[in-house]
Structure formats: structure tokens, C-alpha cells
There are 2 protein chains.
Amino acid sequence: MGETGRKGQFEFWFDFSSPYAFFAAQTVKDVARRHDLHLVWRPFMLGVAFKATGMQSLSNTPIRGDYARHDWVRLARRLQVSFKLPSNHPIVALPASRIFYWLEERDEVAAGRFARRAFDAYFVEGTDMARPEGAAAEAAKVSPFSVAELAAAASEPAIKDKLKARTQEALDRGIFGSPFFVVAGEPFWGADRLPMVEEWLASGGW
Amino acid sequence: MGETGRKGQFEFWFDFSSPYAFFAAQTVKDVARRHDLHLVWRPFMLGVAFKATGMQSLSNTPIRGDYARHDWVRLARRLQVSFKLPSNHPIVALPASRIFYWLEERDEVAAGRFARRAFDAYFVEGTDMARPEGAAAEAAKVSPFSVAELAAAASEPAIKDKLKARTQEALDRGIFGSPFFVVAGEPFWGADRLPMVEEWLASGGW
């Protein structure tokens, strides 16, 4: 494990159906590496957090939704990545989130590869990630497990509980949005904050 | 007027009771100057926008409010500015917003000075800016007008209508948050976006 011995963790909390998390996912690994931190992917159920804070999906919010759709296309041009909001957006990202944690228990590196793959499948290729089979097929591409094993993983009671526990952990720790970063105990909300996270790390904090 | 002849406008939309607008106000003038843009201060009634989008004040939002309070103190340390959330936060910023537009019709430079003064009075000195007399006293410090004139301005029907019209303009143009920047027709929401606004201006846009 090349990550062993690094001095701290870079926690990246997100929902697989969050466009801003997709954009953060493009650079978060480089950010962690630049500061010698171990990147920890932490999918959680954003909808549960929305209920706790009284928020709702950006896409479903008047005026803000229009801005967000304009902004996502613009950010894709800025990062020179492909991006296409799926017609069924936002989906429930349960299968991908559960498969992620199942993989993480077996092979953390493969789980990280799957996280990137799941984002690309949904936001670049338009794959239906709401279906366990769709998410499992993507996971099979980047891990040593079969589609059947991975699809079954998405309905394992222990894994369902794990995702619930991670979501509760998020709420208990004040993590309410996607993406959300925690670095050395310090919380930062929003993809726009990545440069500030780096400034904070480089300066030793304010 | 030293601003005449500049090539474009940097519109800064905000609510006087918005902490993130306070932080943006610290640097927005320098940003505009660096890109040879004319800074236009545009207070509006954020509460009206909240009704349109189904949002509410950050301070009143569970979990997000706790994050925001932590974040504001941290941002103040980062910018090395004083900041103290008033005990009656958030206030209704009608008097300051109306006095701003009254001043702007007479002396745009004084209006800009008042905007900075109003933010400092509320977020640094704890002045009660919900009272017309409180806002007028601050305006008198940075303009050639008397407290009595300025307090009366805050209840002039034409000025009340002007603030309503600016707020409607904001909603019609998709401006729903504070701070919100519009540069050459391009909208950017949030204090965190200022570096990206500069990148956008420097690169000619993406």
C-alpha cells in the first residue's frame, strides 16, 4: 500500500449524483498528493442531509438550478472535461455508494478507481447508475470482481448498514453538502474551496 | 469621475446583512481595478430571493449554520479583518440599502464609501443597522449629507421603489444569492468565486 505512512487524511465526502463532486473528483487526488495526504473517498446519501438541513437538489431549485446548469457546462469547459447532465438527473446513487464501500473493504485502490469510473459513467457517458447492474458493470471494469458479485454486493444488508452509518457519521460531523472536504479536522464545503484548502494546508492554517 | 471610460462593469450584488458579502467587499474593489472594470455596488433584498428559491438564511439552517459560523470566523482570520456576528443577526438591511441608492443618485463615489462603512459598522462594530437612524449616522460619516436628510431618504417612496426594482432586476437576471457577481454578462455566485472571476477575466473566458 503506497499510501501507508502518509501524515494525514484528506477526506472527500460526496454524493455520486452531485455534479460539483464530479468536478472536484477531477483534481482531488492531485491535491491530496501535493500535500502528502491520504485521499479517502466518502460517498454518502446527500438526500438524507438535505432532509436534515431543509435543502433540496440544486436541479430542483428555481433560479439556482438555472445558474447551476450554466455553471456546470462552464466548469467542464474550464477543466476541459466532457460533461453531460443525464436526462434522469438527479438519480439515487445508492447502488454505486454501496458497491464503493464493499470494494473498499477488499481493495481500497480499486474502490478509488471505481469512484472515478462511476462519476465518468454517469456524467460523461450517461450510464444509468440508479440500477445495481449498471453500477456493478462499471465496478467490474476496474476491479477483480464479477458483475454478479458486485450487483449482489449492492443489496448486502451489512453494506446497506455501512452506507447508513457513513451518512449518519457525516451528519454527526456537520457534513451537509457535496462535495465536502475534511483535512486535519478542518471542514470545507464546496468544489470552489479546493484552492483555499491548499492555501490552508500550505500555510499551516489560519 | 475617475471611473469614466473603463471598458466594462463589475457588478457586485449583495445584501448588507450577508457575512459572505462582507468578506467579498474587502477585496472586490481591488479585483475590479486589476481588470480595469468599473465596480457597481448592487444591494438587493436577499429575503425576497430566498422566497423565490425556497432558501433561507444560513444562520437559520441546521448544520449549515454551524459550518457557516465557523467559516466566517476562519475567513476573518485569513483576511486579517475584524469580524463579530451581531447578536441580532440577520437584520433586515432595508435602511442601508435604500440610503445606498439615494446616495448613488447624488454621488456614486460616496455611495461606494458608504457600502464599505455599512458593512464595517454591522460586522465589525456591531452597530444596529436595522434602524434608519443607525444606517443614516454611518452614511453621514462618509458623505456630505446630514443624518436627518439620510434618515428621511430611507423612507422616500421613490427610493423604496428603486430598491424593489433592483431586487426584481436581480431575480429577473437569475441573481439569487449574496454575494453574486456579474462580469461581462457572466454570472458568478459566492465569495469563493472571486479567484475564478479573475481567472475568467484574465483568460478571456472559457
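The following paragraphs examine the structure supplied in this document.

Definitions and cut-offs
Residues numbered from 1 in each chain as written. Chains lettered and ligands numbered in written order. Predicted model: local features only at pLDDT ≥ 70, side-chain atom pairs only at ≥ 80, totals over all residues. Heavy atoms only, no water. Least-squares fit on C-alpha atoms with pLDDT ≥ 70 in both. Contact = heavy atoms within 4.5 Å. Core = buried A, V, L, I, M, F, W, Y, C linked by side-chain atoms within 4.5 Å. Buried < 20%, exposed > 50% of the residue type's maximum accessible area, 1.4 Å probe, protein only. 1 Å grid on protein atoms, 1.4 Å probe; cavity = no way out; pocket = protein on both sides within 12 Å on 5 of 7 lines; lining within 4 Å. Points joined across faces, edges and corners; volume = space filled by probe spheres on them. Nonpolar A, V, L, I, M, F, W, Y, C, P; charged D, E, K, R; others polar. Salt bridge = Lys/Arg side-chain N within 4 Å of Asp/Glu carboxyl O. Helix = DSSP H or I, 4+ residues; strand = E, 2+ residues; numbered from the N terminus. Polar contact = N/O pair within 3.5 Å; in protein donor to acceptor, adjacent residues only side chain to side chain. Pairing = 2+ DSSP bridges. Axes fitted to C-alpha atoms, helices over the stretch in contact; angles between N-to-C directions. Expected span 1.5 Å × (residues − 1). Bend = angle between axes of the 7 residues up to and from the residue.

Here we look at the relation of the copies chain A and chain B
- Overlay of chain A on chain B (RMSD 0.0 Å): rotation 180°, translation along the axis 0.0 Å. On this basis, the relationship between the two copies can be described by a two-fold rotation axis. Measuring from the rotation axis to each C-alpha of chain A, the shortest distance belongs to D192 of chain A, at 3.0 Å.
- By residue overlap, the copies meet face to face through one surface: 100% of the interface positions of chain A are interface positions in chain B.

Describing the nonpolar core
- Judged by nonpolar contacts, the single largest core of 144 residues is most densely connected at F10, F12 and W41 of chain A together with F10, F12 and W41 of chain B.
- In contact with W41 of chain A, other than residues within four places in its own chain, are F12, F14, A25, V28, F100, Y101, E104, G112, A115, R116 and F119 of chain A.

Concerning empty space enclosed by the protein
Residues and elements named next belong to chain B.
- Taken as a whole, this structure holds 1 cavity of 30 Å³ or more when the rule is applied.
- The calculated volume of the largest cavity comes to roughly 30 Å³.
- Lining the largest cavity, in full, are F16, I91, A93, A96, A118, Y122 and M129.
- Split into classes, the residues belonging to the lining of the largest cavity amount to 7 nonpolar, no polar and no charged.

Quick word on the pattern of salt bridges
All names here are of chain A.
- Tallied over the entire structure, the rule returns 36 salt bridges over all chains.
- Where R173 meets E11, a salt bridge forms, and the shortest distance between an N and an O atom there is 2.9 Å. Of this pair, R173 sits in the loop between α8 (157-172) and β3 (180-183) while E11 sits in strand β1 (residues 8-14), placing them 162 residues apart in sequence.
- On the basis of relative accessible area, E11 is assigned to the buried category, the value being 13%.
- Ionic pairing is found between E198 and R34, a salt bridge with its closest N-O pair at 2.7 Å. Placement of E198 in helix α9 (residues 194-203) and of R34 in helix α1 (residues 19-34) is noted, with a sequence separation of 164 residues between them.

Looking at the side chain of E104 of chain A
- Mapped onto the elements, E104 of chain A comes out in helix α4 (residues 94-106).
- Here E104 of chain A falls in the buried class, since its relative accessible area comes to 15%.

Re the interface of chain A and chain B
- In this complex, chain A contributes 29 residues to the contact, which on the side of chain B involves 29 residues.
- One can count 8 salt bridges joining chain A with chain B.
- R78 of chain B is paired through a salt bridge with E199 of chain A; the nearest N and O atoms lie 2.7 Å apart.
- At the junction of chain A with chain B, the criterion picks out 18 residue pairs in polar contact (both at pLDDT 80 or more).
- For the side of chain A that touches chain B, the secondary structure elements donating two or more residues are α2 (46-53), α3 (64-79), β4 (186-189) and α9 of chain A.
- With 8 residues, the top contributor of residues to the side of chain A that touches chain B is α3 of chain A.
- Among the residues making up the side of chain A that touches chain B, the classes are represented as 15 nonpolar, 5 polar and 9 charged.

Examining the sheet that holds strand β3 (residues 180-183) of chain B
All names here are of chain B.
- The sheet built from 4 strands is open, its strands ordered β2-β1-β3-β4 with mixed pairing. Looking at which strands have only one partner, the edges of the open sheet turn out to be β2 (37-43) and β4 (186-189). Taken over all neighbouring pairs, the strand axes of this sheet differ in orientation by 20° on average, direction set aside.
- Relative to β4, β3 runs antiparallel, the two being bridged by 4 bridges. If you follow V182 over to β4, its bridge partner there is P187.
- Against the sheet, helix α5 (residues 108-123) makes contact with β1 (8-14) and β2, and its axis sits at roughly 55° relative to β2, the strand it touches most.

What about α1 of chain A?
Residues and elements named next belong to chain A.
- Taking 1.5 Å per residue, 16 residues should reach 22 Å; α1 reaches 24 Å between its end C-alpha atoms and fits that length.
- Largest kink in α1: about 45°, centred on T27.
- Residues P19, Y20, A21, F22, F23, A24, A25, Q26, V28, V31 and A32 constitute the buried set of α1.
- Residues of α1 that are buried sit in contact with β1, β2 (37-43), α3, α5 (108-123), β3 and α9.
- Phi for D36, located one or two positions after α1, is positive at around 55°.

So, unusual backbone geometry
- Cis geometry marks the peptide bond from H89 of chain A to P90 of chain A; its omega dihedral reads -10°.
- Examined against the element boundaries, P90 of chain A turns out to sit in the loop between α3 and α4.
- If you check the backbone angles, D36 of chain B has positive phi at about 55° while not being a glycine.
- Along the polypeptide, D36 of chain B turns up in the loop between α1 (19-34) and β2.
- Note on D36 of chain B: relative accessible area 36%, which makes it partly exposed.
- Here I63 of chain B, not a glycine, exhibits a phi torsion of approximately 65°, which is positive.
- Topologically, I63 of chain B is positioned in the loop between α2 (46-53) and α3 (64-79).

A short note on the sheet that holds β4 of chain A
All names here are of chain A.
- Pairing is mixed across the open sheet formed by 4 strands, whose spatial order is β2-β1-β3-β4. The strands lining the two open edges of the sheet, one partner per strand, are β2 and β4. Neighbour to neighbour, the strand axes of the sheet diverge by 20° on average, direction disregarded.
- As defined by bridge partners, β1 adjoins β3 across 4 bridges and the pair is classed as antiparallel. For E11, the partnering residue across the bridge sits in β3 and is V182.
- Strands β1, β2 and β3 of the sheet are contacted by α1, whose axis makes an angle of about 175° with β1.

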